[in-house]
Amino acid sequence: MRIKIIHRDSPYYCQEGLVTQVKHNAHVDLNVLLDSGIRISVDAAWTDYWTQRGEQPPQATHLTGVYQVWRLKELLERLKRQAEGAHKVDKA
């Protein structure tokens, strides 16, 4: 399958190449042999891969990480308040 890099921030923007391998990790990564002869690994979201396949990209998994960070932040704030409260009691 041939793809085109469509993400404007990529140094390979608008270059085309042949997908040599598809890796399913947290994101779908593609190993691509560009027409210029350079081999790269690129997130499929930076290419027209999903459009060519007629599919929607998988739902983003990084939002789960954001939720976990928020919960950790809440826990740390609660522990800090508890420690401050205990410290005030010790001074009294």
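Residues numbered from 1 in each chain as written. Predicted model: local features only at pLDDT ≥ 70, side-chain atom pairs only at ≥ 80, totals over all residues. Heavy atoms only, no water.

Details of the side chain of Asp 29
- Structurally, the position occupied by Asp 29 is in strand β3 (residues 28-34).
- As a buried residue without a salt bridge, Asp 29 has its nearest oppositely charged side chain in Lys 23, at a separation of 5.5 Å.
- Non-local contacts of Asp 29, meaning those with residues more than four positions away in its chain, are made with Gln 21, Val 22, Lys 23, Ser 41, Val 42, Asp 43 and Ala 44. (Helix = DSSP H or I, 4+ residues; strand = E, 2+ residues; numbered from the N terminus. Buried < 20%, exposed > 50% of the residue type's maximum accessible area, 1.4 Å probe, protein only. Lys, Arg positive; Asp, Glu negative; His and termini not counted. Salt bridge = Lys/Arg side-chain N within 4 Å of Asp/Glu carboxyl O. Contact = heavy atoms within 4.5 Å.)

A closer look at the sheet that holds β3
- Taken in spatial order, the 4 strands line up as β1-β2-β3-β4 in an open sheet, and their pairing is antiparallel. At either end of the open sheet lies a strand with only one pairing partner, and these are β1 (2-4) and β4 (39-43). Across the sheet, the mean angle from the axis of one strand to that of its neighbour is 45°, orientation sign disregarded.
- Note: β1 against strand β2 (residues 16-24), 3 bridges, orientation antiparallel. Looking at β2, one finds that Ile 3 is bridged to Gly 17. (Pairing = 2+ DSSP bridges. Axes fitted to C-alpha atoms, helices over the stretch in contact; angles between N-to-C directions.)

Regarding the nonpolar core
- In this structure, Ile 3, Ile 5, Val 19, Val 28, Leu 30, Val 32, Leu 34, Ile 40, Val 42, Ala 44, Tyr 49 and Trp 50 together form the largest nonpolar core, which totals 12 residues.
- Of all the secondary-structure elements, those providing two or more residues to this core are β3, β4 and α1 (49-53).
- Sort the elements by how many residues they give to this core and β3 lands first, with 4 residues.
- Val 32 has contacts with Ile 3, Gly 17, Leu 18, Val 19, Thr 20, Ile 38, Arg 39, Ile 40 and Val 42, leaving out every residue within four places of it along the chain. (Core = buried A, V, L, I, M, F, W, Y, C linked by side-chain atoms within 4.5 Å.)

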